[in-house]
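Listed below are the residues making up each chain.
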Amino acid sequence: MNRHDRLGRLMERHGLDAVVLRRPANFAWYTGGADTKVDHVAPEGVADLIVGRDSPLVLTSTIEAPRMRSEQTPDLEVVEYPWHEDRLDALRQVVGDARLGSDMGLPGTVDLSDEIARLRRTLDADAVESLRAIGAAATAAMAEAAAAVESGMTEHEAAARLAAACRSRGLTATVLLAAADERIALHRHPVPVGATIERRAMLVASAEGRGLYANLTRIVELDEPDPELARRQRACDEILARMRDEATHPGRTVAEAFADLRRFYADAGFPEEWRLHHQGGLTGYASRELIATPATDAVIEAGQAFAWNPSVTGAKAEETFVLTERGTEVVAGAVTAVA
């Protein structure tokens with residue numbers, strides 16, 4: 001079933017005439033990658049997609065309309081309103097008295113945000129193909145940045161290399177972390193602060209392109225790691241592989257996979273480390289569509305993408321993979337590298 005039909009069934013269930021998609025993730029999902037972000041931290045995009053029984057249309061301001069027509073949604077009708085006028089008033093002028101749902105709980109609409117997010121989490125064949133390309137580009141960007149890491153470089157410089165490597169491939173690293181030496185063990189989310197890299201570094205990116213995310217972590221060892229750190233990294237790699245190969249299968253719940261994860265930590269000799277950081281979960285049109293917990297009862301399905309990120313103090317592993325009808329396919333790989 002295509003995206004339009006899936007939204008159509010949702011509209012029927014709620015007795016609605018149309019649905020307004022304002023969140024960039026949902027706009028990208030429905031259109032196959034159109035980008036409505038200008039301010040990347042804003043929860044709403046600069047255009048609305050109005051999906052009714054017939055052909056969808058785009059509503060946006062006079063500022064954005066030319067770009068939507070020529071670059072983002074050339075196959076859709078684009079209706080524009082003066083940028084200085086109220087956006088909700090413009091929406092009502094277009095839809096009249098139609099009964100509306102929306103993905104942001106807009107005034108006068110039925111809030112469908114959770115239901116649309118559930119539809120979005122399962123990727124169709126076109127989205128999986130796009131994610132393969134995004135993952136390959138993210139993997140290449142990470143490899144380029146990791147190869148440039150050298151002793152004496154600061155975290156800011158390493159992060160800049162990773163950001164540039166992503167941007168040069170059409171990606172935006174909306175999460176970008178870099179840690180030097182001891183900071184890898186001190187902080188699970190090491191936002192770069194400028195510490196100087198001497199012996200080792202950790203680079204982390206959630207890289208977005210065409211609305212889809214590839215997530216990966218790379219540990220760069222400039223010297224031979226000490227035996228304990230090497231043991232911890234092997235444990236992370238083992239847990240990650242077991243989550244991919246043993247735990248994440250269609251028909252199971254995320255909570256069941258999480259129970260396996262706790263067991264994998266114990267098997268690796270680190271039974272309590274899972275408590276120190278979230279372990280990842282579903283990805284796709286958000287860096288994390290769902291973060292797994294012991295209580296996450298969502299059912300795993302073919303077509304979903306996952307980014308598990310096990311960590312043991314001083315070490316971490318992360319990759320992005322998709323569950324296809326043929327099995328598990330890694331689209332963005334995490335590799336421990338010796339520079």
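Keep in mind it's a predicted model, so treat the numbers as computed, not measured.

Which residues make up the environment of Arg262, and what are the values?
One can find Arg262 in helix α10 (residues 254-267). Arg262 gets classed as partly exposed once you look at its relative accessible area, which sits at 35%. The sequence separation of Arg262 and Gln93 amounts to 169 residues, and the corresponding C-alpha distance is 53 Å. Not counting chain neighbours up to four residues away, the residues in contact with Arg262 comprise Trp274, Arg275 and Pro294.

Talk me through the side chain of Arg232; I want residue IDs and the actual numbers.
Inspection of the secondary structure puts Arg232 in helix α9 (residues 227-247). By relative accessible area, Arg232 is classed as buried at 19%. One polar contact links Arg232 to Glu228, side chain to side chain, over a distance of 2.7 Å. With near-sequence residues (within four places) excluded, Arg232 lies in contact with Phe270, Glu273, Val312, Thr313 and Ala315.

Please provide a residue-by-residue account of the packing of aromatic side chains, values included.
Counted according to the given criterion, the structure contains four aromatic pairs. Both rings, one in Trp29 and one in Tyr30, keep their centres 6.3 Å apart while their planes meet at 75°; by these two values the pair is edge-to-face. On the basis of relative accessibility, which here comes to 2%, the residue Trp29 falls in the buried class. Centre to centre, the rings of Phe258 and Trp274 are 5.6 Å apart; their planes meet at 85°, and the pair counts as edge-to-face. Within this pair, whereas Phe258 is found in helix α10, its partner Trp274 is found in the loop between α10 and β10 (280-283), the two being separated by 16 residues in sequence. Through a chain of ring-to-ring contacts, the aromatic side chains of Phe306, Trp308 and Phe321 assemble into a single cluster.

Summarise the nonpolar core; cite the residues concerned and give the values.
Membership of the largest hydrophobic core comes to 58 residues, with the highest contact counts inside it found for Leu7 and Leu203. Among the elements that take part in this core, helix α6 (residues 125-148) stands out by supplying 10 residues, more than any other. Every residue in contact with Leu7, bar those within four places of it in the chain, is listed here: Leu21, Trp29, Tyr30, Val51, Ile116 and Leu119. Among the nonpolar cores identified, the runner-up in size contains 26 residues, and Leu282, Ile300, Phe306 and Ala315 belong to it.

Account for the side chain of Glu319, with residues named and values stated.
Note on placement: Glu319 falls in the loop between β14 (315-316) and β15 (320-324). At a separation of 2.7 Å, a polar atom in the side chain of Glu319 contacts the side chain of Arg244.

Can you lay out the pattern of salt bridges for me, pointing to particular residues and giving the numbers?
Under the counting rule described, the total for this entry stands at 31 salt bridges. Of the charged contacts, one joins Arg199 and Asp181 as a salt bridge, the two residues approaching to 3.6 Å between their closest N and O atoms. Within this pair, whereas Arg199 is found in the loop between α8 (183-186) and β8 (200-209), its partner Asp181 is found in the loop between β7 (172-180) and α8, the two being separated by 18 residues in sequence. Accessibility expressed as a relative area gives 6% for Asp181, which makes it buried.

Before we move on, can you summarise the confidence of the model for the chain with the specific residues and values?
On average, the chain scores 96 in pLDDT, and the residues at 70 or more come to 98%. Of the regions scoring below 50 in pLDDT, residues 335-339 engages in 16 contacts with residues more than four places distant in sequence or in other chains.

Lay out helix α1 (residues 3-14) with the relevant residues and their values.
The first and last C-alpha atoms of α1 sit 17 Å apart over 12 residues, in line with the 16 Å expected at 1.5 Å per residue. When α1 is considered as a whole, its buried residues turn out to be Arg3, Arg6, Leu7, Gly8, Leu10 and Met11. In the core, the buried residues of α1 are packed alongside β1 (18-21), α2 (24-31), β2 (47-51), α5 (113-121) and α6. By the N-cap criterion, in which a side-chain oxygen at the helix start approaches the backbone nitrogen of a residue two or three places on, α1 is capped by Asn2, the distance to His4 being 3.1 Å. Phi for Gly15, located one or two positions after α1, is positive at around 65°.

Cut-offs applied
Residues numbered from 1 in each chain as written. Predicted model: local features only at pLDDT ≥ 70, side-chain atom pairs only at ≥ 80, totals over all residues. Heavy atoms only, no water. Helix = DSSP H or I, 4+ residues; strand = E, 2+ residues; numbered from the N terminus. Buried < 20%, exposed > 50% of the residue type's maximum accessible area, 1.4 Å probe, protein only. Contact = heavy atoms within 4.5 Å. Polar contact = N/O pair within 3.5 Å; in protein donor to acceptor, adjacent residues only side chain to side chain. Phe/Tyr/Trp six-rings, centres within 6.5 Å; stacked < 30°, edge-to-face > 60°. Core = buried A, V, L, I, M, F, W, Y, C linked by side-chain atoms within 4.5 Å. Salt bridge = Lys/Arg side-chain N within 4 Å of Asp/Glu carboxyl O. pLDDT = per-residue confidence, 0-100. Expected span 1.5 Å × (residues − 1).

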